[in-house]
Amino acid sequence: MTVAARTYLDERTEAFVAEVLAAIDANATLLEAFVVGSGAAGGFDPRTSDVDVVAVVEGPLRDRRKLVADVAALPRPVRDLELVVYVEGSRPGDFELNLNHGVERPDEEPFWFVLDAALAQEHAVPVWGARPWNDFFEPLRPEEIREATQASLDWASRQKPDDEFARQQAARAQHYLEHGEWITKKEAER
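The structure contained in this document is the topic of the report that follows.

The rules we used
Residues numbered from 1 in each chain as written. Predicted model: local features only at pLDDT ≥ 70, side-chain atom pairs only at ≥ 80, totals over all residues. Heavy atoms only, no water. Helix = DSSP H or I, 4+ residues; strand = E, 2+ residues; numbered from the N terminus. Buried < 20%, exposed > 50% of the residue type's maximum accessible area, 1.4 Å probe, protein only. Contact = heavy atoms within 4.5 Å. Areas by Shrake-Rupley, 256 points an atom, 1.4 Å probe, with all protein chains shown as cover. Lys, Arg positive; Asp, Glu negative; His and termini not counted. Charge placed at Lys NZ, Arg CZ, Asp CG, Glu CD. Expected span 1.5 Å × (residues − 1). Phe/Tyr/Trp six-rings, centres within 6.5 Å; stacked < 30°, edge-to-face > 60°. 1 Å grid on protein atoms, 1.4 Å probe; cavity = no way out; pocket = protein on both sides within 12 Å on 5 of 7 lines; lining within 4 Å. Points joined across faces, edges and corners; volume = space filled by probe spheres on them. Nonpolar A, V, L, I, M, F, W, Y, C, P; charged D, E, K, R; others polar. Salt bridge = Lys/Arg side-chain N within 4 Å of Asp/Glu carboxyl O. Polar contact = N/O pair within 3.5 Å; in protein donor to acceptor, adjacent residues only side chain to side chain. Pairing = 2+ DSSP bridges. Right-handed = clockwise from strand over helix to strand, strands pointing away.

## Some words on the overall build of the protein
Then step 1. Scanning the protein for helices and strands turns up seven helices and six strands.
Then step 2. What you see in the protein, going N to C, is helices and strands ordered as α-β-α-β-α-β-β-β-α-β-α-α-α.
Then step 3. Principal axes of the C-alpha set define a box for the protein whose edges measure 45 × 35 × 30 Å.
Then step 4. Within the protein, buried positions represent 49% of all 190 residues.
Then step 5. Considering only intrachain contacts with a sequence separation of at least 6, the fraction spanning at least 24 residues in the protein is 68%.
Then step 6. A total of about 9,900 Å² of accessible surface is found on the protein, and carbon and sulfur atoms cover 47% of it.
Then step 7. Positive and negative side-chain charges in the protein, numbering 21 and 36 respectively, have mean positions lying 4 Å apart.

Spelled out as structure tokens, the structure:
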């Protein structure tokens with residue numbers, strides 16, 4: 001699998017993503033996977049970025065614990081892997097597996113998945129086959145995106161004042177609410 005020409009990933013991260021996808025496919029029939037976030041839209045830096053992957057499988061995972069262990073055992077060339085697995089026909093937020101920092105996180109705030117899907121419907125890069133995002137997910141309505149963006153802004157306001165991620169998220173959310181377009185984390189730092 002070669003994805004570097006279509007994404008912003010470096011070769012080591014590309015190889016890591018291929019290993020993650022092979023682990024998923026060994027556990028459930030993988031229909032498609034997408035690189036999203038900075039790996040798809042730009043701004044990816046293997047020293048400081050996470051690699052964000054959304055996978056769509058045909059049916060439920062056969063052995064969730066084994067998949068989590070198999071993925072955790074892979075050497076990561078990036079800060080972290082953010083992996084969300086959906087069963088075909090699911091909507092963003094109705095996930096089969098949400099893995100972040102090597103830990104399954106079933107109780108994440110729902111707005112994160114809507115925001116990720118909003119960005120993905122513009123920038124997702126298929127890396128398993130060649131099927132586009134909209135083959136698996138219906139487009140989000142503008143009001144869904146605005147509600148999720150406002151929820152993220154509310155979330156950011158509840159975080160500690162020195163939380164850099166929350167400050168970036170607040171800047172990105174505010175920019176989207178005012179201008180209807182996303183900016184990168186680096187742009188939000190300015």
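## Some words on helix H1 (residues 11-27)
Then step 1. For H1, built from 17 residues, the straight-helix expectation of 24 Å at 1.5 Å per residue is met to within 8% by its first-to-last C-alpha distance of 25 Å.
Then step 2. On its buried face, H1 is in contact with strand E1 (30-36), strand E2 (50-57), helix H3 (64-72) and strand E3 (80-87).

## Looking at the packing of aromatic side chains
Then step 1. Per the counting criterion, the structure on display carries ten aromatic pairs.
Then step 2. Centroid distance Trp112 to Phe165: 5.7 Å. Interplanar angle 40 degrees. Geometry classified as tilted. On the criterion of sequence distance, the pair formed by Trp112 in helix H4 (residues 110-123) and Phe165 in helix H6 (residues 164-179) is long-range, its members being 53 residues apart.
Then step 3. Of the aromatic side chains, those joined through ring pairs into one cluster are Phe34, Tyr86, Trp133, Phe136 and Phe137.

## Focus: the layout of surface pockets
Then step 1. Roughly 1,300 Å³ of internal volume is contained in the largest pocket.
Then step 2. Lining the largest pocket are 46 residues; nearest its centre among them are Asp52, Glu82, Phe165, Arg172 and Lys185.
Then step 3. By residue number, the principal contributor to the lining of the largest pocket is H4, which donates eight residues.
Then step 4. Within the lining of the largest pocket, the residues separate by chemical class into 18 nonpolar, 13 polar and 15 charged.

## Description of the side chain of Asp80
Then step 1. With respect to the element layout, Asp80 can be found in strand E3.
Then step 2. Here Asp80 occupies a buried position and makes no salt bridge, while the nearest side chain of opposite charge, Arg76, is found at 4.1 Å.
Then step 3. Engagement of the side chain of Asp80 in a polar contact is seen with the backbone nitrogen of His101, the distance being 2.7 Å.
Then step 4. Not counting the four nearest positions on each side in its chain, Asp80 is found in contact with Ser49, Asp50, Val51, Asn100, His101 and Gly102.

## Details of the pairing of E2
Then step 1. Within E2, eight of the eight residues are buried, which leaves it mostly tucked inside the rest of the structure.
Then step 2. A two-sided burial pattern is seen for E2, the buried positions comprising Asp50, Asp52, Val54 and Val56 on one face and Val51, Val53, Ala55 and Val57 on the other.
Then step 3. One ladder, built from six bridges, connects E1 with E2; its direction is antiparallel. Looking at the pairing, Glu32 lines up with Val56 of E2.
Then step 4. Between the parallel pair E2 and E3, the chain is carried across by H3, and the sense of this crossover is right-handed.

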